[in-house]
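Tertiary structure, described
Spelled out from the first residue to the last, the chains are:
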Amino acid sequence: MMPRKLRVRELTTEEQAIIERLARSRTAPAREVERAQIIWHSHQGENVRGLAERLGLCTATVRFWIKRFNTAGIEGLNDEYRVGRPATYTPEEVSEVIALSLTDPQTLNLPFASWTLDRLAAYLHEVQGIGMKRSRIDEILRAEGLRWRTQ
């Protein structure tokens, strides 16, 4: 049994016009042009392997965009929303840093009258179990509008 060849579904007249214009564009973003070229050449009958070689892509990429276009149409050629890197510290840890910086150290039975970034970092690590660099503590506190005195 021969594997079925992957092809682009039949294009509507409107889709064909949009894809052809985009595939030949010199002003559209390169990613959009590349994706349109994949669809256009596949529509013209070129196979996945030949298309990948022509465009300098891997076959998996060509297959991905053909499948996505077949299911979602023109909108499927757009980038999907991506989230960034996950937060390193939870909102609870950040609020703990802020709350601690506003707390008088003597109420915690500490032998000093004011916090420094080094003291905050040490206390957070040793007592609270939050390993955070002093530079990150400084960023958090500055974002809250808190300023430190230089000694």
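For the structure itself, look to the data block above.
Residues numbered from 1 in each chain as written. Predicted model: local features only at pLDDT ≥ 70, side-chain atom pairs only at ≥ 80, totals over all residues. Heavy atoms only, no water.

The number of helices and strands found in the protein chain is seven helices and zero strands. A compact globule built from 151 residues should have a C-alpha radius of gyration of about 15 Å, whereas the protein chain, at 28 Å, is more than 25% larger. For the protein chain, the spread of C-alpha atoms along the three principal axes comes to 80 × 40 × 25 Å. In the protein chain, buried positions account for 32% of the 151 residues. Considering only intrachain contacts with a sequence separation of at least 6, the fraction spanning at least 24 residues in the protein chain is 50%. (Helix = DSSP H or I, 4+ residues; strand = E, 2+ residues; numbered from the N terminus. Rg over C-alpha atoms; globule rule 2.2 N^0.38 Å. Buried < 20%, exposed > 50% of the residue type's maximum accessible area, 1.4 Å probe, protein only. Contact = heavy atoms within 4.5 Å.)

Take the nonpolar core next. With 19 residues, the main nonpolar core has I38, I39, V62, I66 and F69 as its most contacted residues. Where this core is concerned, the elements lending two or more residues are helix 1 (13-23), helix 2 (30-43), helix 3 (48-55) and helix 4 (59-72). One finds V97, L117, L120 and Y123 within the second-largest nonpolar core, a separate group that totals 17 residues. (Core = buried A, V, L, I, M, F, W, Y, C linked by side-chain atoms within 4.5 Å.)

Positive phi, close to 60°, is recorded for N109, a residue that is not glycine. You can see N109 is positioned in the loop between helix 5 (91-101) and helix 6 (117-128). N109 gets classed as exposed once you look at its relative accessible area, which sits at 71%.

The next subject is helix 4. Over its 14 residues, helix 4 extends 20 Å from the first C-alpha to the last, a length consistent with the 20 Å expected when each residue adds 1.5 Å. Taken together, the buried positions of helix 4 are V62, W65, I66, R68 and F69. Each buried residue of helix 4 lies within a common arc of 165° when the element is viewed along its axis, so the set occupies one face. Facing away from the buried surface of helix 4 by more than 90 degrees, the exposed residues are A60 and T71. Where helix 4 is buried, its residues meet helix 1, helix 2 and helix 3. (Expected span 1.5 Å × (residues − 1). Arc of directions from axis to C-beta.)

Once that is clear, we can look at helix 7 (residues 134-143). Taken as a whole, helix 7 has its buried residues at I137, D138, I140 and L141. Considered in projection along helix 7, the buried side chains sweep an arc of 165° and stay on one side of the axis. Looking at the buried residues of helix 7, the elements they touch are helix 5 and helix 6. Positive phi shows up at G145, right after helix 7, with a value of about 90°.

Packed helices, taken two at a time, are described by the angle their axes make and the gap between the axes. In contact at an axis separation of 8 Å, helix 1 and helix 2 are set at 125° when each is read in the N-to-C sense. Classified by the interaxial angle, the pair formed by helix 1 and helix 2 is oblique. Of the two elements, helix 1 crosses helix 2, and the hand of that crossing is left-handed. Residue-level inspection shows Q16, I19, E20, L22 and A23 of helix 1 in contact with helix 2, the latter providing E32, V33, A36, Q37, I39, W40 and H43. Here the residues of the contact of helix 1 with helix 2 sort into seven nonpolar, three polar and two charged. (Axes fitted to C-alpha atoms, helices over the stretch in contact; angles between N-to-C directions. Parallel < 35°, antiparallel > 145°, perpendicular 65-115°, else oblique. Left-handed = near helix turned anticlockwise from the far one by under 90°. Nonpolar A, V, L, I, M, F, W, Y, C, P; charged D, E, K, R; others polar.)

This part covers the environment of V94. In this fold, V94 is placed in helix 5. Along the primary structure V94 and M132 are separated by 38 residues, whereas in three dimensions their C-alpha atoms are 9.9 Å apart. Once residues lying within four places of it in the same chain are set aside, the contact partners of V94 are Y89 and I140.

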